[in-house]
Amino acid sequence: MPPTTTLEPVEVPEIGVVDGALIALGERVIAVTGEDDLDTLLRALPASPDGGSDDPVTAAAAVTATEFAAGDTVVIDGWVLAVSEARAAAVLALLCRDGAC
Amino acid sequence: MLIDARTLPTGTVGRADICVIGSGAAGITLAMELLDSGRRVLLVESGGQQIDAATTDLYAGESVGRPIRSLTQEIGLDAIRLRFFGGTTNHWAGACRPLQPVDFEPRAGFAVSGWPIDHAELLPYWARAADYVRITDAEFDPLVWSQRTDLPPPVLDTAMIETIIFQNTAPTRFGELYGADLVASESVEVWQWANLVNLATDDGRHITHADLRTLDGTALRVEADAFVLACGGIENARLLLASTDADPAGIGNETDQVGRHFCEHFQIYAGFGLLGVAPEEMRAFDGTQVTITEGRHAGFVHGVKHAWSLTDDHVRSTATTGMEVQLVVGAHPEIGWKQSTGADAAQIGALLDRGGHPAESAIYLQVLAEQPCNPDSRVTLADARDGLGMRRVRLDWQYGPDDRRRILDNLRAIAEEVGATGLGRLQITPGGVAVGLEGAIRGEFLTAYESRPDEIDEADFPIGVGFHHLCTTRMSADPAEGVVDADCRVHAVDNLWIAGSSVFGTAGVATPTYSIVALAIRLADHLRDSL
């Protein structure tokens, strides 16, 4: 029995090709948290560790361990996620709205 | 010698140095330990060699509190315990591990807690108990087991979560294993089909004799220097409450503690997870088999497996209760689990991939959690009578929102620790797990579980039991907080001792039978030395 979501990769503006499952996750994050303002989310995300990556998930991965240790987490359909990685998925979903992907 | 009590004339008096009531794990271990002690032992068993409907019915009673249920169905008080030779070991699942040091310590915020002995006191008895329960030895360090076997090393050990070892010994039926030794002994008499109906006393301070009855009406008595109740965590309390010669509240019940603090182990379908560890490195959660090489059980094959547990330091520092997590492992993404709605394993897998820590294993989490003592969770007597004319048991198992809160907090903490270590992500779904019938197919085991995050119910998620009945005659230094002293003697009675899980001072979260056997060995030593 494979995992439930089966989505095609999508081209996200300014990011590149992303697994469609990540976009679906981002929509769930937005639905649960109500955080749907792209600029606010981008400001809340950590800076890219190398200063050059535009991928919010990659940038968030650098701080997830610290956030988990601090209890800075959010629960999405039972999944306990670091707050930045959840926001990063939400950013991808927002970038894909309005037919952008 | 084996005696069918139904063949004895009414009025028969048995005489022994030590009378042990009950032939389960505790009673049989006691009798075995006393075989060469020079003491005459009379071991009393309600049933015979096999299960019997009329005898089993003596265990029926009222469950008026929280339901006693597995995670799938409610179970009667006459089904969770077995009343024939070997007792409940006749359906024992065989999971062995010792209690933890923190279990013996007083814990802030609980009504009563701790034991008047410490963990180190039981270490030599766990070592001796290993042979009785048919495990290799008292070694429970996962690193040692990785050296002894092909088990991989622990995938997780932190200040909060430690990897623990279970030695699994099913089937180990004490009646089948040790009955022949007892029957052959000249110092032991086994009376089957005899039921204790009263511990007779003139003053409540000393047992003069035990009144026994058979279901066909034969009345017997046993006179002994010492009496030991070893009838299980519910029945021990019931028999004390039913013995009212000197006090209508029962014997040993001056401080109204008999039957209180009934604890179970909470069992929860907790959730799922994705870990960045290859299934091959996770196979210790499935376990391996080892063969006992020495002693009377040489050649017996038993299991060894990993699980996770909250560390003692975490339990102390957060004033919480213990928790064990069993992991069922499949490969991700070949084996996943069904999910009704919401963020699923594929989405989280994509997140982990993108973050540079791809998931390799999918896991299902089954949790056993500790219940703190609660004086309102208790065994009392019902008005209804059984086939012997005795009042049936009434069990009022109680737990509350604080217990659920601790479970949820601990699950969240474990999920955060798994994230903090970079191991993966957990989905905590109490109330949101459905179990399918295809679970018997090992290779597709995880598909037997369906995640239903829309059904998560933090206020009322299902809580099953571990079928462990604990603390109803708890061990305490202060008679106001328990029933037996550090030697397992009933505080107020000079010749009555109790064996079994009813004497646990704090429930802990470890499966109890191994510790029941260790305590019985310790009690045998005490009786041998003190009588």
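The structure under discussion appears in the preceding block.
Residues numbered from 1 in each chain as written. Chains lettered and ligands numbered in written order. Predicted model: local features only at pLDDT ≥ 70, side-chain atom pairs only at ≥ 80, totals over all residues. Heavy atoms only, no water.

Okay, the overall build of chain A next. Secondary structure summary: chain A contains five helices and four strands in total. In chain A, the succession of α and β elements from N to C terminus is β-β-α-α-α-α-β-β-α. Evaluated residue by residue, chain A yields a buried proportion of 45% over its 101 residues. When contacts within chain A are restricted to residue pairs at least 6 apart in sequence, those whose partners lie at least 24 apart make up 57%. When the accessible surface of chain A is summed, it comes to about 4,600 Å², and 51% of that surface belongs to carbon and sulfur atoms. (Helix = DSSP H or I, 4+ residues; strand = E, 2+ residues; numbered from the N terminus. Buried < 20%, exposed > 50% of the residue type's maximum accessible area, 1.4 Å probe, protein only. Contact = heavy atoms within 4.5 Å. Areas by Shrake-Rupley, 256 points an atom, 1.4 Å probe, with all protein chains shown as cover.)

Turning our attention to the overall build of chain B. Helix and strand counts for chain B stand at 10 helices and 23 strands. The principal-axis extents of the C-alpha atoms in chain B amount to approximately 80 × 50 × 40 Å. Looking at chain B as a whole, 63% of its 531 residues are labelled buried. Considering chain B, the positive charge centre built from 41 side chains and the negative charge centre built from 73 side chains are found 3 Å apart. (Lys, Arg positive; Asp, Glu negative; His and termini not counted. Charge placed at Lys NZ, Arg CZ, Asp CG, Glu CD.)

Quick look at the pairing of strand E11 (residues 266-275) of chain B now. Residues and elements named next belong to chain B. The buried count for E11 comes to 10 of 10 residues, which makes it a mostly enclosed element. Examined bridge by bridge, E11 and strand E16 (residues 361-369) share nine bridges and lie antiparallel to one another. In the sheet register, Phe-266 faces E16, and the bridge partner there is Ala-369. Alignment of E11 against strand E22 (residues 464-465), held across two bridges, turns out to be antiparallel. (Pairing = 2+ DSSP bridges.)

With that settled, the discussion passes to helix H3 (residues 119-133) of chain B. All names here are of chain B. Taking 1.5 Å per residue as the helical rise, H3 with its 15 residues ought to reach 21 Å, and the 20 Å between its terminal C-alpha atoms agrees with that figure. For H3, the set of buried residues is His-119, Leu-122, Tyr-125, Trp-126, Ala-129, Ala-130, Tyr-132 and Val-133. Buried residues in H3 make contact with helix H1 (25-33), strand E5 (95-96), helix H5 (174-184) and helix H10 (513-530). Trailing H3 by a residue or two, Arg-134 shows a phi angle of about 65°, which is positive. (Expected span 1.5 Å × (residues − 1).)

In this section: the state of the cysteines. Following the criterion strictly, the structure yields one disulfide over all chains and no others. The disulfide bridge from A:Cys96 ends at A:Cys101, spanning 1.8 Å between sulfur atoms. Because the torsion about its S-S bond is -85°, the bridge between A:Cys96 and A:Cys101 counts as left-handed. Looking at the unpaired B:Cys373, the closest cysteine sulfur is the one in B:Cys471, lying at 4.0 Å. Just so you know, B:Cys488 is unpaired, no disulfide at all, and the nearest cysteine sulfur is the one on B:Cys471, 13 Å from it. Residue classification places B:Cys488 among the buried residues on the basis of a relative accessible area of 2%. (Disulfide = S-S within 2.5 Å.)

Residues and elements named next belong to chain B. Sheet architecture is open: three strands sit in the order E15-E21-E20, paired in mixed fashion. Both edges of this open sheet fall to strand E15 (338-339) and strand E20 (433-435), since each of them pairs with a single strand only. Strand direction decides the pairing type here: E20 and strand E21 (residues 449-451), joined by three bridges, are antiparallel. Bridging across to E21, Val-435 finds its partner in Tyr-449.

Below, the discussion takes up a negative patch on the surface. Among the surface-exposed residues, B:Asp202, B:Asp203, B:Asp245 and B:Asp494 lie close enough to one another that they form a single negatively charged patch. Assignment of secondary structure puts B:Asp245 in the loop between helix H6 (235-242) and E11. (Patch = residues over 30% accessible without salt bridge, like charges linked within 9 Å, V, L, I, M, F, W, Y side chains within 5 Å. Salt bridge = Lys/Arg side-chain N within 4 Å of Asp/Glu carboxyl O.)

Attention shifts here to unusual backbone geometry. All names here are of chain B. Backbone torsion omega between Ala-170 and Pro-171 reads -10°, so that peptide bond is classified as cis. Along the chain, the position of Pro-171 falls in the loop between strand E6 (161-168) and H5. The residue Arg-134 is not glycine, and still its phi comes out positive at about 65°. If you trace the backbone, Arg-134 turns up in the loop between H3 and helix H4 (142-148). Phi angles above zero are rare outside glycine, and His-261 is one such case at about 65°. Within the fold, His-261 resides in the loop between H6 and E11.

Moving on, we get to the nonpolar core. Core analysis: the biggest nonpolar cluster contains 152 residues, and B:Leu30, B:Leu182, B:Leu229, B:Trp308, B:Leu327 and B:Leu496 have the highest contact counts within it. A per-element tally of this core places H10(B) first, with 10 residues. When neighbours within four sequence positions are excluded, B:Leu496 is seen to be in contact with B:Leu199, B:Ile207, B:Phe227, B:Leu229, B:Leu240, B:Ile251, B:Cys488, B:Arg489 and B:Val490. Ranked by size, the runner-up nonpolar core spans 45 residues in total, among them A:Val18, B:Ile348, B:Ala362 and B:Leu446. (Core = buried A, V, L, I, M, F, W, Y, C linked by side-chain atoms within 4.5 Å.)

By the secondary structure assignment, B:Gly400 is in the loop between strand E18 (391-396) and helix H9 (401-420). Along the primary structure B:Gly400 and B:Glu33 are separated by 367 residues, whereas in three dimensions their C-alpha atoms are 41 Å apart.

What follows is about the interface of chain B and chain A. At the junction of the two partners, chain B supplies 33 residues and chain A supplies 33 residues. For the pair chain B and chain A, the summed buried surface comes to about 2,800 Å²; carbon and sulfur atoms form 63% of the total. The three residues of chain B that bury the most area against chain A are B:Gln347, B:Leu351 and B:Arg354, which together make up 25% of that side's buried surface. Applying the counting rule to chain B against chain A returns two salt bridges. (Buried area = accessible area lost by both parts, 1.4 Å probe.)

In a packed pair of helices, the relevant descriptors are the angle between the two axes and the axis-to-axis distance. Residues and elements named next belong to chain B. In the contact formed by H3 and H10, the axes pass within 8 Å of each other and the chain directions differ by 110°. If you check the angle between H3 and H10, you find them roughly perpendicular. For the pair H3 and H10, the sense of crossing is right-handed. Counted together, Glu-121, Leu-122, Tyr-125, Trp-126, Ala-127, Arg-128, Ala-129, Ala-130, Tyr-132 and Val-133 of H3 and Tyr-514, Ser-515, Val-517, Ala-518, Leu-519, Ile-521, Arg-522 and Asp-525 of H10 form the full contact between these two elements. Among the residues making up the contact of H3 with H10, the classes are represented as 13 nonpolar, one polar and four charged. (Axes fitted to C-alpha atoms, helices over the stretch in contact; angles between N-to-C directions. Parallel < 35°, antiparallel > 145°, perpendicular 65-115°, else oblique. Left-handed = near helix turned anticlockwise from the far one by under 90°. Nonpolar A, V, L, I, M, F, W, Y, C, P; charged D, E, K, R; others polar.)

For the rest of this paragraph, the subject is the pattern of salt bridges. Residue and element names in this part refer to chain B. Throughout the structure, instances matching the rule amount to 38 salt bridges over all chains. Note that Arg-40 and Asp-17 form a salt bridge whose closest N and O atoms lie 3.7 Å from each other. Taken together, the residues span a long stretch of sequence, with Arg-40 in the loop between H1 and strand E3 (41-44) and Asp-17 in strand E2 (residues 13-21) at a distance of 23 residues. A residue is classified by how much of its surface remains accessible, and Arg-40, at 44% relative accessible area, is partly exposed. Here Glu-105 makes a salt bridge to Arg-316, at a shortest N to O gap of 2.8 Å. Here the residue Glu-105 occupies a position in the loop between E5 and H3, and Arg-316 occupies one in helix H7 (residues 312-317), the gap between them amounting to 211 residues. On the accessibility criterion, Glu-105 (25% relative accessible area) is partly exposed. What makes Arg-316 partly exposed here is its relative accessible area of 38%.

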